[in-house]
Amino acid sequence: MSMTADDAARARIRGDLDATMLVVAGAGTGKTTALVQRIVELVSTGAATLRELAAITFTEAAAAELRDRVRRAVDAEAKTRPNDARLAAARHDVDEAAICTLHAFARRILTEHAVAAGVPPGFDVLDDTAERADFDARWGRFVDGLLVDPDAEPALVRGFALGLAPAALVEVARSMYAQQDRLDTDALQALAAAQPGSQGWPVVTTSPVVAAIDEALAFEGSCSAPDDKLLVHLRDVLLPARALLASAPDGDPDGQATLQALDHTPALHCAKGQAANWGNQVSEVRAACAAAEAARSGMLDAVRRAVAADLGARIASFVVTVAEQRRTEGKLGFGDLLVCARDLLRRDPEATRALRRRYTRLLVDEFQDTDPIQVEIAARLAALHEGSDDVADLRPGALFLVGDPEQSIYRFRRADIEVFGRVREHIGDVVSLRTNFRSVPGILAFVNVVFDELLGDEPVPGQARHQDLLGERGPLRDGRANTRGFSPNGSGAGGARPPGAPLGRAVQLRLEGFDATDEADPTDEAAQAAT
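Residues numbered from 1 in each chain as written. Predicted model: local features only at pLDDT ≥ 70, side-chain atom pairs only at ≥ 80, totals over all residues. Heavy atoms only, no water.

A. Structural context of the sheet that holds strand E1 (residues 21–25). The strand order across the open sheet formed by six strands is E3-E2-E6-E7-E1-E8, and the pairing between neighbours is parallel. Lying at the two open borders of the sheet, with one neighbouring strand each, are strand E3 (98–101) and strand E8 (430–433). If you compare each strand with its neighbour and ignore which way they point, the axes differ by 15 degrees on average. Sheet topology note: the strand E6 (residues 361–364)/strand E7 (residues 399–403) ladder contains three bridges and is parallel. Bridging from a neighbouring strand, Leu 363 pairs with Phe 400 of E7. (Pairing = 2+ DSSP bridges. Helix = DSSP H or I, 4+ residues; strand = E, 2+ residues; numbered from the N terminus. Axes fitted to C-alpha atoms, helices over the stretch in contact; angles between N-to-C directions.)

Here's what the structure looks like:
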């Protein structure tokens, strides 16, 4: 096998078993192979048995593939060492080993410590469809109670007057439930403290808006051009708005009619108008229009915030209640599994000690798609000091992470690339795999150019840095991969790209089938435009 730029890194991954390590592995660099080799090395050297390992990946399909590859690798190693008792035991343990998704691993933890976790032994795990049906049924009962609750009436009346839809409330509830781990006691207390209460609702009146409109309308006679756009705004927008607002019954108990009038009023500000038509007063007219809109929108926003605070606290309380009911009833969704496992590790030292003895090595694949609760579970199991959740306080070799931040795509599931960055900083020992075994040089060169332009190589909050991939395969012989114009360092075939050269246009032309290099036919206008 030929030497690659990553050989030393791969040797470390395989053999440096006492190092807590984060591997940044680009696409096609063989990260799963490296992970499997480390597992085999842990087993064959006696550093850990398969039963003491937890190899975690993101999807069930990936977990099945990883288990199969571990099985084949252990079998292959056992054939070369037929009398090795460790490898013989590993062959027997593959099917029972914790090679699975994180949710499946959390389920193992809860199954082993159900009583301590406060869930019934033999609890059920709901799939997405069953979990949604269960949630909808509980939500329906909650809404039935909410609609007849006199304490909730002020928020509901004001909310519905401003167009709040019941469907929006259930989406808020689902979003909160997906992040239920954030609703701890402090969060619930903060939400409750933000509720307006019976005396805290904003005063709703049309008076300040009407007064500001009158101030603007007072300038109407100052305009010398009947078709001036600011004058048209005064006549076509402010005058009807004033009539609408003046008809609203100021002082109604819940402000419903007033809120609807304010909400149905169009935007009152206007930046149009010619200064010459207003005798140098155009700025004052615009300011009066802006003041009217600020009074209108400010009042509506204050009510919306109060409605959100009141109903948000009620929904949060509902979410926490549902989570506790599900735990007690033994009906857990995928998110519940993680929260219950995390809570067990936080609250039960005896169960935590048992789990730390049971799983001495954690290997996490696709780490770029992890979220804070998953990091906490891993940190608590791998911590040097019991009770710690600090990724900077880990037992040597207890945690091995593999990921590619450029492939982080699950933000909608709370995957956070900044979590990856923080863990990277705390662990410190970062190993990079850059040699790609999958793609031909032309593809890699193109990808490097595109991603270097899109991502750059400087740190940006919330964005991965680009790491160039190095090619191991040779070019295709039939000419299907035209590599002219792109070299592995992103420069053109004719040399480095001049400063300010239109690389984005060159990439676009490349995608359209044109050659964007100095080698192109000078009569090709598209190529000339790109060079």
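Further notes follow.
B. Quick look at a nonpolar patch on the surface. The grouping of Leu 147, Val 148 and Phe 160 at the surface amounts to a nonpolar patch, some 310 Å² of accessible area in total. By secondary structure assignment, the location of Leu 147 is in helix H7 (residues 128–147). (Patch = residues over 30% accessible without salt bridge, like charges linked within 9 Å, V, L, I, M, F, W, Y side chains within 5 Å. Areas by Shrake-Rupley, 256 points an atom, 1.4 Å probe, with all protein chains shown as cover. Salt bridge = Lys/Arg side-chain N within 4 Å of Asp/Glu carboxyl O.)

C. Inspection of the nonpolar core at higher detail. Trp 139, Ile 213, Leu 234, Leu 238 and Trp 278 are the most contacted members of the largest nonpolar core, which totals 56 residues. Mapped onto this core, the elements with two or more residues apiece are H7, helix H8 (153–161), helix H9 (166–178), helix H11 (207–217), helix H12 (229–247), helix H13 (256–264) and helix H14 (282–329). In terms of residues, this core owes the most to one element, H14, which gives 17 residues. Once residues lying within four places of it in the same chain are set aside, the contact partners of Trp 139 are Leu 169, Val 170, Ala 173, Ile 315 and Phe 318. (Core = buried A, V, L, I, M, F, W, Y, C linked by side-chain atoms within 4.5 Å. Buried < 20%, exposed > 50% of the residue type's maximum accessible area, 1.4 Å probe, protein only. Contact = heavy atoms within 4.5 Å.)

D. Local environment of the pairing of E6. The alternating pattern of E6 places Arg 361 and Leu 363 and Leu 362 and Val 364 on opposite faces, both of which are buried. Relative to E6, strand E2 (residues 53–57) runs parallel, the two sharing four bridges. Residue pairing across strands places Ile 56 opposite Val 364, the latter belonging to E6. Note on the crossover from E6 through helix H17 (residues 372–382) to E7: the handedness is right-handed. (Right-handed = clockwise from strand over helix to strand, strands pointing away.)

E. Fine view of the packing of helix H10 (residues 185–193) against H14. Close contact between H10 and H14 brings their axes to 8 Å; oriented N to C, the two are set at 150 degrees. With respect to each other, H10 and H14 are oriented roughly antiparallel. In the crossing of H10 with H14, the sense of the turn from one axis to the other is left-handed. Residues Leu 188, Leu 191 and Ala 192 of H10 touch H14, and the partners they reach there are Ala 309, Ala 313, Ala 316, Ser 317 and Val 320. The residue inventory of the contact of H10 with H14, partitioned by class, reads seven nonpolar, one polar and no charged. (Parallel < 35°, antiparallel > 145°, perpendicular 65-115°, else oblique. Left-handed = near helix turned anticlockwise from the far one by under 90°. Nonpolar A, V, L, I, M, F, W, Y, C, P; charged D, E, K, R; others polar.)

F. Just unusual backbone geometry, in detail. Unusually for a residue other than glycine, Asn 280 sits at a positive phi of about 65 degrees. In this fold, Asn 280 is placed in the loop between H13 and H14. Even without being glycine, Glu 366 reaches a positive phi, approximately 50 degrees. Along the chain, the position of Glu 366 falls in the loop between E6 and H17. Classification of Glu 366 by relative accessible area gives partly exposed; the value is 23%.

G. Representation of the side chain of Arg 38 within the structure. Tracing the chain through its elements places Arg 38 in helix H2 (residues 31–45). Put simply, Arg 38 is tucked away with no salt bridge, and the nearest opposite charge, on Asp 16, sits 6.4 Å away. A polar atom in the side chain of Arg 38 sits 2.8 Å from the backbone oxygen of Ile 13. Excluding its chain neighbours within four sequence positions, the residues that come into contact with Arg 38 are Arg 12, Ile 13, Arg 14, Asp 16, Leu 17, Ala 19, Met 21, Leu 363 and Phe 400. (Lys, Arg positive; Asp, Glu negative; His and termini not counted. Polar contact = N/O pair within 3.5 Å; in protein donor to acceptor, adjacent residues only side chain to side chain.)

H. Highlighting the confidence of the model for the chain. Per-residue confidence for the chain gives a mean pLDDT of 86, with 86% of residues at or over 70. Throughout residues 481–503 the model reports pLDDT below 50, and contacts reaching past four residues in sequence, or to other chains, amount to 38 contacts. Low pLDDT (under 50) marks residues 509–531, which in the prediction has 33 contacts with non-local residues, meaning those over four places away or in another chain. (pLDDT = per-residue confidence, 0-100.)

I. Expanded view of a negative patch on the surface. A cluster of like negative charges, contributed by Asp 452, Glu 453, Asp 457 and Glu 458, occupies part of the molecular surface. Relative to the helices and strands, Glu 453 is located in helix H19 (residues 441–455). For Glu 453, a relative accessible area of 41% translates into the label partly exposed. (Charge placed at Lys NZ, Arg CZ, Asp CG, Glu CD.)

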